[in-house]
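The lines below spell out each chain.
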Amino acid sequence: MKTLNDIRSTFLSYFERNGHEVVPSSPLVPRNDPTLMFTAAGMVQFKNLFTGVETRDYSRATTAQKCVRAGGKHNDLDNVGYTARHHTFFEMLGNFSFGDYFKEDAIPLAWDLLTKGFGIDESRLLVTVYHTDEEAVQIWKKHAGLSDDRIIRIATDDNFWSAGPTGPCGPCTEIFYDHGDHIWGGPPGSPEEDGDRFVEIWNLVFMQYEQLEDGTRRDLPNQSIDTGMGIERVAALLQGTNDNYATDLMRSLIEASADASNTDPDGPGKTHHRVIADHLRSTSFLIADGVMPSNDGRGYVLRRIMRRAMRHAHLLGVQDPLMHKLVPALVGQMGAAYPELGQAQSLITETLQLEETRFKQTLERGLKLLEDEVSGLDKGAHLSGQAAFKLYDTFGFPLDLTQDALREKGMGVDTDGFDAAMAEQKAKARAAWAGSGEAADATVWFDVADKHGTTDFLGYDTESAEGQIVAIIKDGAVADMAKAGDTVQIALNQTPFYAESGGQVGDTGTIRTDGALIRVTDTRKAADVFIHFGTVEEGEVTPSKAAVLTVDHARRTSIRANHSATHLLHEALRGALGDHVAQRGSLNAADRLRFDFSHAKALSAQELSQVEQEVNDYIRQNTAVETRIMTPDDARALGAQALFGEKYGDEVRVVSMGREDGSGKGTDKSTYSLELCGGTHVRQTGDIGAFVLLGDSASSAGVRRIEALTGSEALAWLREQQMALAGIAEAMKTSSADVPERVKALMEERKSLNNEVAQLRRELAMVGGGGATAPEAVDVGGIKFMAQVLQGVTGKDLPALVDEFKASLGSGAVLLIADTSGKAAVAGGVTADLTDKVSAVDIVKAAVVELGGKGGGGRPDMAQGGGASAENAEGAIAAATAILKG
Ligand code: SER
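Residues numbered from 1 in each chain as written. Predicted model: local features only at pLDDT ≥ 70, side-chain atom pairs only at ≥ 80, totals over all residues. Heavy atoms only, no water.

*Asks:* Help me understand the sheet that holds strand E32 (residues 813–820) in this model?
*Replies:* The strands that make up a sheet pair up through hydrogen bonds in the backbone, lying either parallel or antiparallel. With mixed pairing, 6 strands are arranged side by side in an open sheet as E30-E31-E32-E33-E35-E34. Two strands in the sheet have a free side with no partner beyond their single neighbour: strand E30 (777–780) and strand E34 (857–859). Mean inter-strand twist for the sheet, computed between neighbouring axes without regard to direction, equals 20°. Two strands pair when backbone bridges link them, and strand E33 (residues 823–830) and strand E35 (residues 862–867) are joined in this way by 6 bridges, in the antiparallel orientation. By the bridge assignment for E35, Gly828 is matched with Ala863. This element, helix H21 (residues 798–809), spans E30, strand E31 (783–791), E32, E33 and E35 of the sheet and lies at about 150° to E32. In the packing of helix H22 (residues 840–850) onto the sheet, contacts are made with E32, E33, E34 and E35, and the angle to E33 comes to roughly 155°. (Pairing = 2+ DSSP bridges. Helix = DSSP H or I, 4+ residues; strand = E, 2+ residues; numbered from the N terminus. Axes fitted to C-alpha atoms, helices over the stretch in contact; angles between N-to-C directions. Contact = heavy atoms within 4.5 Å.)

Here it is in structure tokens:
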């Protein structure tokens, strides 16, 4: 038997032998087509090659492409499990020609692979062609020898394939397999075509036009080929069945589901196993490609698929989470062909388990409510919109889960009522928000979110992607157009630009449409809409345009390094100072990082150097930085650092970095830093490059602030320091290494010189050198009083002089006024025997007033003060004399 894995490799190697490049599958989230929710065909990654916008060094390619058809234009979710061929996830095998071969080669290549490579009985094959495509008819006749009755002409869109509302398109020919008359159904185009007897297995599209936004079509620069074959269908026929779920790969997943639930794979739970097997594939591959369950956009489609599978597991009677146990079976089947699956195995397992555990809490009660609501209703009745909305809002039942549950009972949901209840809730939320005091101009973004949904952030995985412009704001209002020179704010359905949050600054870069270039200078968020602030530099930009978004890579790289270094710094500080260290704020910009944390006193030089060294040790360890999603409680249980006072949602991203041997955090205690964080990070700690701690300062009471640099900024700073040191060394005519000793010696020398100068000044003053008159004591009411105005001395010299004058008097009072470049310094002294009669403080205070100053103070034996000028020195001496007189 040819297994599905054999079929894939037979297909790829056949086209490889025929000159095709084997190209890996592109991710399920399209990078180059903002109109698509998920990649749903093999040609998606080649769109720009068909239109000629892009060229590569090959003109023939072959792929096995992961596809999801759930949500968006292609949606098979509702039928999965109930039919033989619907899947939310499937693989499309394809061969492509970009202006190389066309119909006359594509048809023989396909026919030969089917009949010779796979050995399919020719007599069971028939084809359809677009009704005007006589050329294809002739090739089929000539190469395959098909008779007219086995070439069916179809006039509908079934045989004219297009990628979407716009993009490459062309007529197609489809190859069908006849499973035999024991199965009901008729050939394509017949009234019985929906039966299972005739199954389309391969679609060959003759790409020759491009559908444009204005509704017109133009010829592609080169005629091209795009083919798509559902591997599950071919596997079914090669394995002698017409049921995709009976093929080896799907069967092994169904058996894994049966084993894990201890039920019969073919018993009454058959449909449940099929749904579980299918949904396991789509959810696992979506998670591996970076989609996380959420309440909006792609994340909500994922959540819907997950919860739908979980309800079916519940119906099997399984009490504990089941889906995550099936991941090893899937990786065993598909991990070799899609290595990303194995790489993300733990992320997939944890995400499934988390979602299952949470949904379990409401699933049972929700199903009970549903039972109660419909118990009185007849078959064919509709559940009220209010009840369906309550299931959605309170119990986490996506609408299609409720519909799926009711389908088994032959009932439906009043979807208009559901929509009305949803609209009412949004209106309430908006009213509550309007009163929350946020900036009034943010209202406009609430409108955008209401109308177009919130922005899907792609920037964890990519720095460039296409997006569709949903709104342009100019001068605070929605605009139909913006032109060169205009300052604008732009929202798109998805973006790789990080919007400022959690201390990380917003991204900058460019947005290009086919006619315009916008330079983005900042990105911020309001109402979960990412707002790109910028200026139109060229052309005109209008809404609904597809745009190529490119983040400034160098800047983002530096921001990433600074953000990851902040996590390492946080942990190193806790290690050096203690567990009381908690983040109080941070800034992760392109040129530096800043980290505020709770700690009462300044860090010692030794602590600073220990922290810096530790951060650099983990940088050099160069281990992978990992991100996982979990509930805030689970994250805290693992020891993750959360921000004090921060409100977290139901799920958080947890970033871990650095390896420890059993003394760290996480389940196996092997993680150095574990933090709740929504920011973007380096892949390996080594990408930070280097870390330089500039120093710490007080930020506010009990909060210290550290500033630091990483990567090239750190190196540039070190270089600058080195240059400065070299400059000093040169000026001092010594080596850099000797500079500290030399500076110390100079400082000592300076200190003793200063002392010497002060001494000389005092001596000079004592002999009258600085004064207008020689010091002379007068008797004031029996107290010897010596008053003097001095030049050439400073306030600092006065106390020592007062002491000396006091000593020379033996008993008495002294007032010295230094006339210092326009200002006046005053010092007064009273010998100890007289301090109970008169205080130096009073003498100085009285003098200070006369000199245009205020206050003055000290001890009764020695006081100091200052004045605006020494001009009225005479008045000051008189005032002091008056005090002495009592
Ligand atoms: N693009 C075509 C399809 O999806 C053929 O690959 O059917």
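*Asks:* Just checking my understanding: could you explain the pairing of strand E5 (residues 151–154) for this structure?
*Replies:* Looking along a regular strand, one sees the side chains alternate between the two faces of the sheet. Sheet analysis places strand E4 (residues 125–130) next to E5, joined by 4 bridges and oriented parallel. Bridging across to E5, Val129 finds its partner in Arg153.

*Asks:* What exactly am I supposed to notice about the side chain of Asn203 here?
*Replies:* Inspection of the secondary structure assignment puts Asn203 in strand E8 (residues 198–211). Those residues in contact with Asn203 that sit more than four places away from it in its chain are Trp161, Cys172, Thr173, Glu174, Asp226, Thr227 and Gly228.

*Asks:* Explain helix H16 (residues 553–577) to me, please; I cannot follow it from the model alone.
*Replies:* An α-helix turns once per 3.6 residues; consequently, residues spaced three or four apart project the same way. For H16, which comprises 25 residues, the first-to-last C-alpha distance of 36 Å matches the rise-based estimate of 36 Å (1.5 Å per residue) to within 8%. The buried count for H16 comes to 18 of 25 residues, which makes it a mostly enclosed element. Measuring from the side-chain oxygen of the N-cap residue of H16 to the backbone nitrogen of Ala554 gives 3.2 Å; that N-cap residue is Asp552. Positive backbone phi, at 125°, marks Gly578, one or two positions downstream of H16. (Expected span 1.5 Å × (residues − 1). Buried < 20%, exposed > 50% of the residue type's maximum accessible area, 1.4 Å probe, protein only. Polar contact = N/O pair within 3.5 Å; in protein donor to acceptor, adjacent residues only side chain to side chain.)

*Asks:* Explain the site of the ligand to me, please; I cannot follow it from the model alone.
*Replies:* Around the ligand, the neighbouring residues are Ala41, Met43, Arg69, Met92, Trp161, Asn203, Val205, Asp226, Thr227 and Gly228. Between the ligand and Asn203 there is a distance of 3.1 Å, counted from an oxygen atom to a side-chain nitrogen or oxygen. Contacts to the ligand include Thr227, whose backbone N or O atom sits 3.2 Å from an oxygen atom. At the level of secondary structure, the elements contributing two or more residues to the shell around the ligand comprise E8 and strand E9 (217–230). A per-element tally of the shell around the ligand places E9 first, with 3 residues. (Near = heavy atom within 4 Å.)

*Asks:* Can you help me understand the side chain of Asp486 in this one?
*Replies:* Here Asp486 lies in the loop between strand E15 (482–483) and strand E16 (487–492). When its relative accessible area of 14% is taken as the criterion, Asp486 is described as buried. A polar contact is formed between the side chain of Asp486 and the backbone nitrogen of Lys483, at a distance of 2.8 Å. Other than its neighbours up to four places away in sequence, Asp486 contacts Lys474, Gly534, Thr535 and Val536.

*Asks:* Is there a simple way to think about the UniProt feature "binding site: Zn(2+)" (unreviewed entry) in the protein in this case?
*Replies:* As recorded in UniProt, the sites labelled "binding site: Zn(2+)" (unreviewed entry) are His563, His567, Cys677 and His681. Of the residues just listed, which span 119 residues, no C-alpha pair is farther apart than 9.9 Å, and they cluster in one region. Topologically, His563 is positioned in helix H16. By relative accessible area, His563 is classed as buried at 4%. For His563, the residues in contact, after removing those within four places along its chain, are Gly502, Gln504, Asn588, Cys677, Gly679, Thr680 and His681. Relative to the helices and strands, His567 is located in helix H16. With residues near it in sequence (within four places) discarded, His567 still touches Val655, Met657, Ser673, Glu675, Cys677 and His681. (UniProt positions renumbered as here; feature names shortened; annotations may be inferred.)

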